[in-house]
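The primary structure of each chain is shown beneath.
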Amino acid sequence: MEIKSSQEFFETILLGKFKPDKAKGIEVIVQINLTGDSPSDWVVTIKDQKIQFIRGITVEPTLTLRTTEEIFVDIVNGKLSVEKAFFSGKINFKGDITTALKLKDAGFL
């Protein structure tokens, strides 16, 4: 099933895609800022091998991810890898890049 929007990803896909066993030792608050035709902001918290998300902005994220809605959807649909998006400048991270890569293993990106 192809995801059409970030909202669809967060509200219907993420919980089923998340792999708690791969999130062992990860404690992170991710601020996601999506721009483009349908801009949105999301906060994803991973702690104690559990994931939670809300629409909005947090004051002190440990990792910030900025990209367009279109690129985010391409990443979650597997059309574009996080690494390729990062190295081509289509996605920007602020924070620990190693943690960002662990999020991929945990099923978040």
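Below is a short write-up of the structure.

If you tally the helices and strands in the chain, you get four helices and five strands. Along its sequence from the N terminus, the chain presents helices and strands in the succession α-β-β-β-β-α-α-β-α. Taken over the C-alpha trace, the chain has a radius of gyration of 13 Å; the compact-globule value for 109 residues is 13 Å, and the two agree within 12%. Across its three principal directions, the C-alpha atoms of the chain cover 35 × 30 × 25 Å. Classification of the 109 residues of the chain by burial places 39% in the buried group.

All right, on to the packing of helix H1 (residues 6–17) against helix H2 (residues 69–76) then. H2 packs onto H1 with a crossing angle of 25° between their chain directions and a minimal axis gap of 11 Å. Between H1 and H2, the angle is such that the two are roughly parallel. Considering the relative orientation of H1 and H2, their crossing is left-handed. The residues of H2 that touch H1, namely those facing Ser 6, Phe 9, Phe 10 and Lys 17, are Glu 69, Phe 72, Val 73 and Val 76. When grouped by side-chain class, the residues that make up the contact of H1 with H2 number five nonpolar, one polar and two charged.

Applying the stated criterion across every chain yields a total of two salt bridges. Between Lys 79 and Glu 2 there is a salt bridge, with its nearest N and O atoms 3.1 Å apart. Taken together, the residues span a long stretch of sequence, with Lys 79 in the loop between H2 and helix H3 (82–87) and Glu 2 in the segment before H1 at a distance of 77 residues. Judged by its relative accessible area of 40%, Glu 2 falls in the partly exposed class. The shortest N-O distance in the salt bridge between Lys 104 and Glu 83 comes to 3.2 Å. Placement of Lys 104 in helix H4 (residues 97–105) and of Glu 83 in helix H3 is noted, with a sequence separation of 21 residues between them. Judged by relative accessible area, Glu 83 falls into the partly exposed class, the value being 28%.

A separate point is the sheet that holds strand E5 (residues 92–95). If you walk across this open sheet you meet the five strands as E3-E2-E1-E4-E5, and the pairing is mixed. In the strand order of this sheet, the two ends are held by strand E3 (50–55) and E5, each with one partner. Strand-to-strand, the axes of this sheet are offset by a mean angle of 15°, without reference to chain direction. Sheet analysis places strand E1 (residues 28–35) next to strand E4 (residues 63–68), joined by six bridges and oriented parallel. Within E4, the position partnered with Thr 35 by the bridge is Thr 68. Strand contacts of H1: E1, strand E2 (40–47) and E3, with the helix running at about 155° to E3, the strand carrying the most contacts.

As for Glu 2 and Asp 74, which are separated by 72 residues in sequence, their C-alpha atoms are 9.5 Å apart. Leaving out residues up to four positions away in the same chain, Glu 2 has contacts with Glu 8, Asn 77 and Lys 79. Engagement of the side chain of Glu 2 in a polar contact is seen with the side chain of Lys 79, the distance being 3.1 Å.

The rules behind these values
Residues numbered from 1 in each chain as written. Predicted model: local features only at pLDDT ≥ 70, side-chain atom pairs only at ≥ 80, totals over all residues. Heavy atoms only, no water. Helix = DSSP H or I, 4+ residues; strand = E, 2+ residues; numbered from the N terminus. Rg over C-alpha atoms; globule rule 2.2 N^0.38 Å. Buried < 20%, exposed > 50% of the residue type's maximum accessible area, 1.4 Å probe, protein only. Axes fitted to C-alpha atoms, helices over the stretch in contact; angles between N-to-C directions. Parallel < 35°, antiparallel > 145°, perpendicular 65-115°, else oblique. Left-handed = near helix turned anticlockwise from the far one by under 90°. Contact = heavy atoms within 4.5 Å. Nonpolar A, V, L, I, M, F, W, Y, C, P; charged D, E, K, R; others polar. Salt bridge = Lys/Arg side-chain N within 4 Å of Asp/Glu carboxyl O. Pairing = 2+ DSSP bridges. Polar contact = N/O pair within 3.5 Å; in protein donor to acceptor, adjacent residues only side chain to side chain.

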